[in-house]
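Observations on chain architecture
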Number of protein chains: 2
Amino acid sequence: MLRTVNCGSLTLKQLGEEVTLAGWVQKTRNKGFMLWVDLRDRYGITQIIFDEERSSKEVMHKAQKLGREFVIQIQGKVIERVSKNPNILTGEIEILAHSVEILNPAKTPPFTIENVTDGGEELRMQYRYLDIRRNPVRENLVFRSKVSLAVRNFLSAHDFIDVETPYLIKSTPEGARDFVVPSRMNQGQFYALPQSPQTFKQLLMVGGMDKYFQIVKCFRDEDLRADRQPEFTQIDCEMTFVEQEDILIQFEGLLTHLLQEIKGVKVDKFPRITYAEAMKKYGNDKPDIRFGMEFSELNALAKGKGFNVFDQQELIVGIAVPQAASYTRKQIDTLIDWVKRPQIGATGLVWVKCNPDGSYKSSVDKFYDEKTLASWAEATGAKAGDLILVMGGDTHSTRTQLSALRMELAEQLGLRNPNEFAPLWVVDFPLLEWEEESKRYLAMHHPFTAPKPEQIQLLENNPGEVAANAYDLVLNGNEIGGGSIRIHDAEIQKKMFDLLGFTPEEAQAQFGFLMEAFQYGAPPHGGIALGLDRLVAILGGQESIRDFIAFPKNNSGRDLMIDAPSKIDQTQLDELNLNLKQN
Amino acid sequence: MLRTVNCGSLTLKQLGEEVTLAGWVQKTRNKGFMLWVDLRDRYGITQIIFDEERSSKEVMHKAQKLGREFVIQIQGKVIERVSKNPNILTGEIEILAHSVEILNPAKTPPFTIENVTDGGEELRMQYRYLDIRRNPVRENLVFRSKVSLAVRNFLSAHDFIDVETPYLIKSTPEGARDFVVPSRMNQGQFYALPQSPQTFKQLLMVGGMDKYFQIVKCFRDEDLRADRQPEFTQIDCEMTFVEQEDILIQFEGLLTHLLQEIKGVKVDKFPRITYAEAMKKYGNDKPDIRFGMEFSELNALAKGKGFNVFDQQELIVGIAVPQAASYTRKQIDTLIDWVKRPQIGATGLVWVKCNPDGSYKSSVDKFYDEKTLASWAEATGAKAGDLILVMGGDTHSTRTQLSALRMELAEQLGLRNPNEFAPLWVVDFPLLEWEEESKRYLAMHHPFTAPKPEQIQLLENNPGEVAANAYDLVLNGNEIGGGSIRIHDAEIQKKMFDLLGFTPEEAQAQFGFLMEAFQYGAPPHGGIALGLDRLVAILGGQESIRDFIAFPKNNSGRDLMIDAPSKIDQTQLDELNLNLKQN
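Everything quoted here is computed from the prediction, not taken from an experiment. (Residues numbered from 1 in each chain as written. Chains lettered and ligands numbered in written order. Predicted model: local features only at pLDDT ≥ 70, side-chain atom pairs only at ≥ 80, totals over all residues. Heavy atoms only, no water.)

To continue, consider the overall build of chain A. When its secondary structure is counted, chain A shows 17 helices and 23 strands. For the C-alpha atoms alone, the extent of chain A along its principal axes is close to 90 × 75 × 55 Å. Total accessible area on chain A stands at roughly 23,500 Å², and carbon and sulfur atoms take up 48% of it. Averaging the locations of the 67 positively and 81 negatively charged side chains of chain A gives two centres separated by 6 Å. (Helix = DSSP H or I, 4+ residues; strand = E, 2+ residues; numbered from the N terminus. Areas by Shrake-Rupley, 256 points an atom, 1.4 Å probe, with all protein chains shown as cover. Lys, Arg positive; Asp, Glu negative; His and termini not counted. Charge placed at Lys NZ, Arg CZ, Asp CG, Glu CD.)

Right, here's the structure in full:
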């Protein structure tokens, strides 16, 4: 080793010891006759001192030339610091250097290697290897490693077997778009990169593996929204001879364990709500329940009172914003503007201030008397000092809009505490959802999700009403996992493909192997997949996944550091028997 | 759960308990009034008994209908078996069934689900989910999971951070052929799937991660030899501020730990030999040292004695085959035919029997007297009763041919004991190898391997002589890992690309990001990558990797089960702006 100790370990206990350290020059302070270097590595920072009186001329001379991010090796003696730094472990000592070697000089980095940097997003991505030197980014990656290992050990201890499934599989253009890989040995044919190992894990259950897990990269060629990546990591799991309850208990156990082991946080049994209830109470299926502001439907209290705007709407729904009656007109106008933005798309917002003195003041005083407003307050649970915000419109849009407002207000009011963790299960998802555009049903979860057994008859005449034993695990307003009990019967699987608009030939060509497998003794099974990127980000107290990924891609799917994708040689295309179309 | 216990757990301790079991029907024995079912799951087999006198008519009736591989759930009572089976854990009990439910019937499988099956390779691959139900295959996968986890925990305990590197990277057609992935969002451009995360792990070292590991899929689009896969798994590792010795110690520690923990085998400190020595003593760079038969060069003892065939050769080399002097003429002829096969390509084989009475009998008695033959015996270490086999030819081919013969003989003589583990390090590989065909140097390990510092000057005028701090970890005649100290200096890296025939423009286009990174404070670093598929197979006592991979591809790169690769829709090609060439 080019060091005897790392930069994060020396304390007064090692006083007087001769040590060799290697690392990066974080900064230098040069007083001419004396010079200090903060030497950094993954483990910490150790202060090095060069001193005219105690270090040789040659060493002093070399030390004068050190610049930021130079890689150096120093030898010296552990001595006690005059002015101690209680904030770091090594803060009581420094190293009196008697030799220094420059292992590699460094150009001045394009941004500062500090916890808060002056580098913009693009620059940080282009020089990601420098960005990773910064504590917050490096710590996120170390944290991710720790979470992964904890997941693996937990699942292994619970008899799950880590099985690697293939990356070069078959294109099944249902669902998201596949990335495809042209085959040279089988010309004119393509592999696809997996959107998930779904069918393989089901085949492992057919194969009797009983309990499977894998932490695995998955790929989706979608137009990237912010904070989506074309490649992402999934904790993929499947179990045999289980019912929904068994899976919920198992993975509630996993998350409880992670919160305890990684964050030292104890959580109670996770609440469960149905999909329908989540939509009604929170306007979305991944509610953040760290705070209240639950929806109250006000149709009975707000319609038929002469306020024409509300009378014609399908749904009137309100929330009580705690301690916001004191909002100024300007603050409220800002909220109204916010919901009217095209991203939200609301037409307006009715407000009612519940004054501390028990009176009400609203934007619709013309139409509603104090008694009615009081009934709104009662319905929404608004107390004196709160602000009621009410929206009206068609059910789906209004819920979505009010949900966005609820989250925005929670953000503004500081109610989304990243150190608080509020997991819950959302259950009883519908099996199918109707897509207006293509006039057909889509699978709400995926085409392998089983209808609830007692509702199988409904599939024939009323498929939209059928619920599934499908569930999402939600943490702090983010879906961190989802799963279901799967179909294990070839006939039901065929029926399902039929409902989703596959011709029998298409179903056979794409999923024939699965339906055939179901005829050789397929056991009842179900599973779940958790998004590792998001899980780690939330456990790390952040919402953006990008800084928990070592080498993320930008919103155009580009890796700015290595400059990929890029053109390839014509010979490579020729070998694959491919041509680029001329534009 | 559809079971209260699994099929591998019940013993006399549970006598009298009411249990629910679920699993597959391994086999039935039907005596009409009494019927036994062996019920199987991942954990074992439990015998179920249905008995006219004790089970209801309905249950007896259902039981009569059970076929092989049916998935059933039974309820019953644990009773003591009359005729016990001491070979299985559950062999002292059986379950008297009072209810049975068929969860899924099964067609008769295309091959028997037994430890030794009647299914051929193709059929087993096509129905891999049935193949996985067989104990040996399933146990291999469980074993692999165990090895992976042990590797992860060992490396994590040694401060290695598990960092996921991207799968969609940049095509660098040096080395093996890349699989490429057309980009839809960046038309006309392609990602490549990584042949290894080499450059990324080096950038992580530049980024200060200090110690990195990842168990990661890698991809090579090569014409597949037997027992190669287009996608394979690597234990990929890198360390900073290290010298070769540190890496050898660290990973010798890993393998020692695995052998101890997984196999209960203690091994001594691994021997180390240089590449040159390995070639000289074993004729290859991954010697199996579980047995002797080391090479002895006989030029001085075999040339100039009138045997023209040898006189003109560059190298005469022999081995002593233990206890083989008794081989019949026919046995020896078979060996001669074996080395003359085109796969080996030798022109012949000279043999010398060291008779038990101290005399010699050889195929070249005409040219060599007893004294000379005795000198060969002394040189090869042959004792009375051994057989000396000698080959001559150009150095490289002769070594390769004799090495193949040595392995074949060891196989025949049962010297390759799969329960014995003989690891070693092969060190001091040459930096470059000359390729006659293209008249240029290729990197022996890869283009990022550093020349030995003391030999850097040789690069200019005598690059073929330069050695590298590059090393292979060899186990039982298989290379299970290889690594090197890397270049961390932009100028040396440029020089290396130049030697390998890159123009400066090509080097810049493909690896500019790496050479740029080296200018911002790149630390000395090095690493290793172990092939997990092979490591697991060898630890599992086998040489073929295919049955340690859940869903392997065949030699044409096809997945016979899902039938991939396959054609894709024209719309998919259109979106990617690609055309298939017309043939």
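Glancing now at the sheet that holds strand β3 (residues 44-51) of chain B. Adjacent strands of a sheet form backbone hydrogen bonds with each other and so pair up, either parallel or antiparallel. All names here are of chain B. Taken in spatial order, the five strands line up as β1-β2-β3-β5-β4 and close into a barrel, and their pairing is mixed. When the angles between neighbouring strand axes are averaged without regard to direction, this sheet yields 55 degrees. Direction of pairing for strand β2 (residues 34-41) relative to β3: antiparallel, over a ladder of eight bridges. Residue pairing in the sheet places Trp36 in a bridge with Ile49 of β3. (Pairing = 2+ DSSP bridges. Axes fitted to C-alpha atoms, helices over the stretch in contact; angles between N-to-C directions.)

Moving on to the relation of the copies chain A and chain B. Least-squares fitting of chain A to chain B yields an RMSD of 0.1 Å, with the transformation described by 0.0 Å of translation along the axis and a rotation of 180 degrees. Taken together, the rotation angle and the small translation identify this as a two-fold axis. Take the interface residues of chain A: 100% of them recur as interface residues in chain B, which is what a same-surface contact looks like. (Least-squares fit on C-alpha atoms with pLDDT ≥ 70 in both. Contact = heavy atoms within 4.5 Å.)

Right, let's get into the side chain of B:Arg124. Mapped onto the fold, B:Arg124 is located in helix α2 (residues 121-126). Those residues in contact with B:Arg124, other than ones at most four positions away along the chain, are B:Phe111, B:Thr117, B:Gly119, B:Asp131, B:Arg134, B:Val137 and B:Asp547.

This brings us to the packing of aromatic side chains. Inspection of every chain in the model, using the stated rule, returns 41 aromatic pairs over all chains. Between A:Phe200 and B:Phe551, the ring centres sit 5.0 Å apart and the planes meet at 65 degrees, which makes this aromatic pair edge-to-face. Of the two residues, A:Phe200 is situated in helix α5 (residues 198-206) and B:Phe551 in the loop between α16 (532-539) and α17 (570-575); the pairing between them involves two chains. Among the residues examined, A:Phe200 registers a relative accessible area of 2% and is labelled buried. A residue is classified by how much of its surface remains accessible, and B:Phe551, at 5% relative accessible area, is buried. (Phe/Tyr/Trp six-rings, centres within 6.5 Å; stacked < 30°, edge-to-face > 60°. Buried < 20%, exposed > 50% of the residue type's maximum accessible area, 1.4 Å probe, protein only.)

We now examine the interface of chain A and chain B. Taken together, the contact between chain A and chain B spans 124 residues of the former and 125 residues of the latter. Buried surface at the junction of chain A and chain B, summed over both partners, amounts to about 11,500 Å²; 58% is from carbon and sulfur atoms. For the pair chain A and chain B, the interface holds twelve salt bridges. When the shortest N-O distance is used, the salt bridge between A:Asp223 and B:Arg184 registers 3.2 Å. Ranked by residues supplied to the side of chain A that touches chain B, first place goes to helix α4 (residues 135-157) of chain A with nine residues. Partitioning the side of chain A that touches chain B into residue classes produces 63 nonpolar, 27 polar and 34 charged. Two strands pair when backbone bridges link them, and strand β23 (residues 578-580) of chain A and strand β23 (residues 578-580) of chain B are joined in this way by three bridges, in the antiparallel orientation. Within β23(B), the position partnered with A:Leu578 by the bridge is B:Leu580. (Buried area = accessible area lost by both parts, 1.4 Å probe. Salt bridge = Lys/Arg side-chain N within 4 Å of Asp/Glu carboxyl O. Nonpolar A, V, L, I, M, F, W, Y, C, P; charged D, E, K, R; others polar.)

Moving on, we come to the side chain of B:Thr20. Of note, B:Thr20 is situated in strand β1 (residues 18-30). Not counting residues up to four positions away in its chain, the partners in contact with B:Thr20 are B:Leu2, B:Arg3, B:Thr4, B:Val5, B:Gln73, B:Ile74 and B:Gln75.

According to the domain assignment, chain A contains domain 1 (12-104), domain 2 (139-272 + 424-548) and domain 3 (291-415). Placing a centre on the C-alpha atoms of domain 1 of chain A and another on those of domain 3 of chain A gives a separation of 61 Å. (Domains from an automatic or database assignment.)

A word on helix α15 (residues 504-517) of chain B. Over its 14 residues, α15(B) runs only 17 Å from end to end, short of the ideal 20 Å by more than 12%, given 1.5 Å per residue. At B:Phe511, α15(B) shows its largest kink, close to 85 degrees. Among the residues of α15(B), B:Ala507, B:Gln510, B:Phe511, B:Gly512, B:Phe513, B:Leu514, B:Met515 and B:Ala517 are the ones counted as buried. Buried residues along α15(B) sit against α3 (128-131) of chain A together with α5 (198-206) and α14 (490-499) of chain B. (Expected span 1.5 Å × (residues − 1). Bend = angle between axes of the 7 residues up to and from the residue.)

What follows deals with the pattern of salt bridges. If you walk through the whole model with that rule in mind, you get 79 salt bridges over all chains. The shortest N-O distance in the salt bridge between B:Asp131 and B:Arg128 comes to 2.8 Å. Of the two residues, B:Asp131 and B:Arg128 both sit in helix α3 (residues 128-131), three residues apart, roughly one turn of that helix. In this pair, the class of B:Asp131 matches that of B:Arg128, namely buried. Among the ionic contacts, a cluster of salt bridges with common partners joins A:Glu121, A:Arg124, A:Arg128, A:Asp131, A:Arg134, A:Arg546 and A:Asp547.

Turning our eyes to something else, we now look at the sheet that holds strand β5 (residues 93-104) of chain A. Residues and elements named next belong to chain A. What the five strands build is a closed barrel, ordered β1-β2-β3-β5-β4; its pairing is mixed. Here the average twist between neighbouring strands, direction ignored, is 55 degrees. Where helix α1 (residues 57-64) meets the sheet, it contacts β1 (18-30), β2 (34-41), β3 (44-51) and β5, and its direction lies at approximately 70 degrees from that of β5.

Residues and elements named next belong to chain A. The buried fraction of strand β9 (residues 211-219) is high, at nine of nine residues. Neither face of β9 is open: one carries Lys211, Phe213, Ile215, Lys217 and Phe219, the other Tyr212, Gln214, Val216 and Cys218, and all of them are buried. Across nine bridges, β9 lies against strand β10 (residues 231-240) in antiparallel orientation. Paired with Phe219 across the two strands is Glu231, which belongs to β10.

Residue and element names in this part refer to chain A. Position of Leu514 among the secondary structure elements: in helix α15 (residues 504-517). Expressed as a C-alpha distance, the spacing of Leu514 and Leu203, which sit 311 residues apart in the sequence, is 7.3 Å. In contact with Leu514, not counting residues within four places along its chain, are Thr199, Gln202, Leu203, Phe448 and Gln493.

Before going further, it helps to spend a moment on the pairing of β3(B). Residues and elements named next belong to chain B. Most of β3 is tucked away, with seven of its eight residues classed as buried. A loop of two residues connects β2 with β3, the two strands running antiparallel in sequence. Note that β3 and strand β5 (residues 93-104) share two bridges and pair parallel. Bridged to Ile49 within β5 is Leu96.

Let us now look at helix α11 (residues 370-380) of chain A. Residue pairs spaced three or four apart in an α-helix point in one direction, given the helix's 3.6 residues per turn. Residue and element names in this part refer to chain A. Along α11, the positions that sit buried rather than exposed are Thr372, Leu373, Trp376, Ala377 and Thr380. Looking straight down α11, one finds its buried side chains confined to an arc of 150 degrees; they lie on one side. Set apart from the buried face of α11 by more than 90 degrees, the exposed residues are Lys371 and Glu378. Where α11 terminates, the next one or two residues include Gly381, which has phi positive at roughly 75 degrees. (Arc of directions from axis to C-beta.)

Let us look at the state of the cysteines. Residue and element names in this part refer to chain B. Scanning the entire structure with this criterion turns up zero disulfides over all chains. The thiol sulfur of Cys218 is not disulfide-bonded, and the nearest other cysteine sulfur, from Cys237, lies at 12 Å. Using a relative accessible area of 0% as the deciding quantity, one classes Cys218 as buried. (Disulfide = S-S within 2.5 Å.)

As a further point, take the environment of A:Ser397. Considering the arrangement of structural elements, one finds A:Ser397 in helix α12 (residues 395-412). Between the C-alpha atoms of A:Ser397 and A:Leu315, which are 82 residues apart in sequence, the distance is 9.7 Å.

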